[in-house]
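# Notes for the structure review
Next come the chains, spelled out residue by residue.
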Amino acid sequence: AAHLERRKRYPAAARRQRQQGTAQVRFTIDASGNVGSVKLVRSSGVPALDDEVLALMQRASPVPAPPPGVARTIVVPIRFSVR
């Protein structure tokens, strides 16, 4: 999650309009940490934020490799909050 958070970009237009939300994304990774399939499983309710979540997953690849025996399908919430 920290790896993703460091690469997240808040869309400028969404920030200006103070749009917030949490999207949930499911993705697979291989033994080396390369991101495979990506699917938005719950929308944030803001299309620009949802689009950023999908772009983020491609930008973040590779992620830290999982330890042996750990599930390689991951579901994670990505939160956008104007502070």
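A brief report on the enclosed structure follows. (Residues numbered from 1 in each chain as written. Predicted model: local features only at pLDDT ≥ 70, side-chain atom pairs only at ≥ 80, totals over all residues. Heavy atoms only, no water.)

### Topic: the sheet that holds strand β3 (residues 73–80)
Spatial ordering of the open sheet is given by β2-β1-β3, a layout of three strands whose pairing is antiparallel. Edge positions in the open sheet fall to β2 (35–42) and β3, since each of these has one partner strand only. Averaged over all neighbouring strand pairs, the angle between strand axes comes to 30°, with direction disregarded. Two strands pair when backbone bridges link them, and strand β1 (residues 21–29) and β3 are joined in this way by eight bridges, in the antiparallel orientation. Directly across from R26, in β3, lies its bridge partner V75. Helix-sheet contacts for helix α3 (residues 47–60) involve β1, β2 and β3, and the interaxial angle to β2 is about 160°. (Pairing = 2+ DSSP bridges. Helix = DSSP H or I, 4+ residues; strand = E, 2+ residues; numbered from the N terminus. Axes fitted to C-alpha atoms, helices over the stretch in contact; angles between N-to-C directions. Contact = heavy atoms within 4.5 Å.)

### A short note on the packing of aromatic side chains
Evaluation of the coordinates by the stated rule reveals one aromatic pair. On the numbers, 5.3 Å between centres and 85° between planes, the contact of Y10 with F80 is edge-to-face. One end of the pair, Y10, is in the loop between α1 (2–7) and α2 (12–16); the other, F80, is in strand β3, and 70 residues separate them in sequence. For the pair formed by Y10 and F80, the shared burial category is buried. A cation over a ring is seen here: K8 above F80, with NZ or CZ 5.0 Å from the ring centre. (Phe/Tyr/Trp six-rings, centres within 6.5 Å; stacked < 30°, edge-to-face > 60°. Buried < 20%, exposed > 50% of the residue type's maximum accessible area, 1.4 Å probe, protein only. Lys NZ or Arg CZ within 6 Å of the ring centre and 35° of its normal.)

### A closer look at the pairing of β1
In β1, alternate side chains face the same way, and those of G21, A23, V25, F27 and I29 are buried while those of T22, Q24, R26 and T28 on the opposite face are not. Of the pairings in the sheet, the one linking β1 to β2 comprises five bridges and is antiparallel in character. From the neighbouring strand, R26 faces β2, where its bridge partner is K39.

### Side note on unusual backbone geometry
Most peptide bonds are trans, and most residues other than glycine sit at a negative phi. Note the cis peptide between S61 and P62, where omega equals 0°. Position of P62 among the secondary structure elements: in the loop between α3 and β3. Of note, R18 is a non-glycine position whose phi angle comes to about 55°, a positive value. For R18, the position within the fold is in the loop between α2 and β1.

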